[in-house]
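Structural overview for review
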Amino acid sequence: MTVPTVQPSSARRTGRWQLELLLLGFLYLAYDGSRLLVGSGFDDAVSDARSLFDTEQWLHLDPERWLNSTFSSHLWLGVPADFAYATLHYLVTPAVLVWLWRRHHGQYRRARTWLAVTTVMALVGFILFPAAPPRLMPAAYGFTDTMAQHAAIGWWGGSASAPKGLGSMTNEFAAMPSLHVAWALWCGLMLFRFSGDRTVRTLGLLYPVAITLVVLGTGNHYLFDCLAGALLLGLGALLARPLLRFTDRLRARLLFLRYSPRRLSEHPVPDYGPSASPAPSGSTGSTGSSAASSPSGPSSASGASVKRHSPVLH
């Protein structure tokens, strides 16, 4: 017997969508609210950033000062970069998540978990290693805060990349690792892997490169921040699958406890198979005696039927 497949109701699907929205909203609030958990002050953040930048200079891997000088000297570079930094991070990532939910729902859960694990690890990094971005370093380092330079043009404030009046609500020392680069790389990989359009796949490859140039040119991150964001995304990819297996086992365990044998005995599952009622006691003997009392048994009944339906020969 074929059991019909029950499709999830629209109400259940809507509930799952709302749960996903709450999860992503919580991650965003944790990202902006991580400043409350940073115990060190500005001097410690500058000291950590100085150690990063000195290491880059020692390795001759410090393109951020040249890029920042170029972006701050040319409006046609600085202004679009500021808008890109303050906007795309909060628009492209949710858009890719919605696209995965609607077009590639089977891949959504692992992709979302990958992004969430990366974000949580980055929050830990912000707390353990708060570092001042280049734009907040002393003037002797030669960096320009392009966001403050063009604050009159954009919707962000001069004290931070947050909207005007909300600068105190963002974590100014969330530089190491760069979540801008990590999220952009995740978006690019999702678009390149799951999109069937060549243009979209190409944009997926270019997007993380452009964001890396933007965060360096606007003075918001060091090169090591960008590399750490990419490495953290790789680590998140390795941890996402084991975490999903763990949550699946935990969910199965909770379902087992919920529908325990005691609960099943109180609410038995109906049998939808073919009914086969047991014969009443003593029926076997009566059936046997009835068959025995019949002169010919089943064969005679068959014979009678054949005789009754046989044509009469004249």
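Just so you know, these numbers come straight off a predicted model, no measurement behind them.

1. Quick word on the environment of Y90
Inspection of the secondary structure puts Y90 in helix α4 (residues 75-103). Judged by its relative accessible area of 30%, Y90 is partly exposed. With 93 residues separating them in the primary sequence, Y90 and W183 have C-alpha atoms 9.8 Å apart.

2. Considering unusual backbone geometry
Residues other than glycine predominantly adopt negative phi, and peptide bonds predominantly adopt the trans conformation. In this structure, P177 follows M176 across a cis peptide bond, with omega equal to 0°. Inspection of the secondary structure puts P177 in the loop between α6 (146-149) and α7 (179-194). In this structure, H60 is a non-glycine residue whose phi angle is positive, near 60°. Structurally, the position occupied by H60 is in the loop between α2 (42-59) and α3 (64-73). When its relative accessible area of 68% is taken as the criterion, H60 is described as exposed.

3. Details of α3
The periodicity of an α-helix, 3.6 residues per turn, causes residues three or four places apart in sequence to face the same way. Among the residues of α3, E64, L67, N68, T70, F71 and S72 are the ones counted as buried. Packing partners of the buried residues in α3 comprise α2, α4, α6, α8 (198-217) and α9 (223-258).

4. Remarks on the nonpolar core
Judged by nonpolar contacts, the single largest core of 41 residues is most densely connected at V96, L100, W186, M190 and V215. Mapped by element, the contributors of at least two residues to this core are α3, α4, α5 (105-128), α7, α8 and α9. Take this core: its biggest share by element is 10 residues, from α7. With residues near it in sequence (within four places) discarded, V96 still touches W186, C187, M190 and L191. With 15 residues, the next largest nonpolar core counts A45, A49, A132 and F173 among its residues.

5. Let's talk about the confidence of the model for the protein chain
Within the protein chain, residue pLDDT values average 78, and 69% of them lie at 70 or more. Low pLDDT, under 50, characterises residues 1-12; the stretch is placed with one contact to residues that sit more than four places away or in other chains. Counted against residues more than four places away or in other chains, residues 282-314, with its pLDDT under 50, gives two contacts.

Basis of the calculations
- Residues numbered from 1 in each chain as written.
- Predicted model: local features only at pLDDT ≥ 70, side-chain atom pairs only at ≥ 80, totals over all residues.
- Heavy atoms only, no water.
- Helix = DSSP H or I, 4+ residues; strand = E, 2+ residues; numbered from the N terminus.
- Buried < 20%, exposed > 50% of the residue type's maximum accessible area, 1.4 Å probe, protein only.
- Contact = heavy atoms within 4.5 Å.
- Core = buried A, V, L, I, M, F, W, Y, C linked by side-chain atoms within 4.5 Å.
- pLDDT = per-residue confidence, 0-100.

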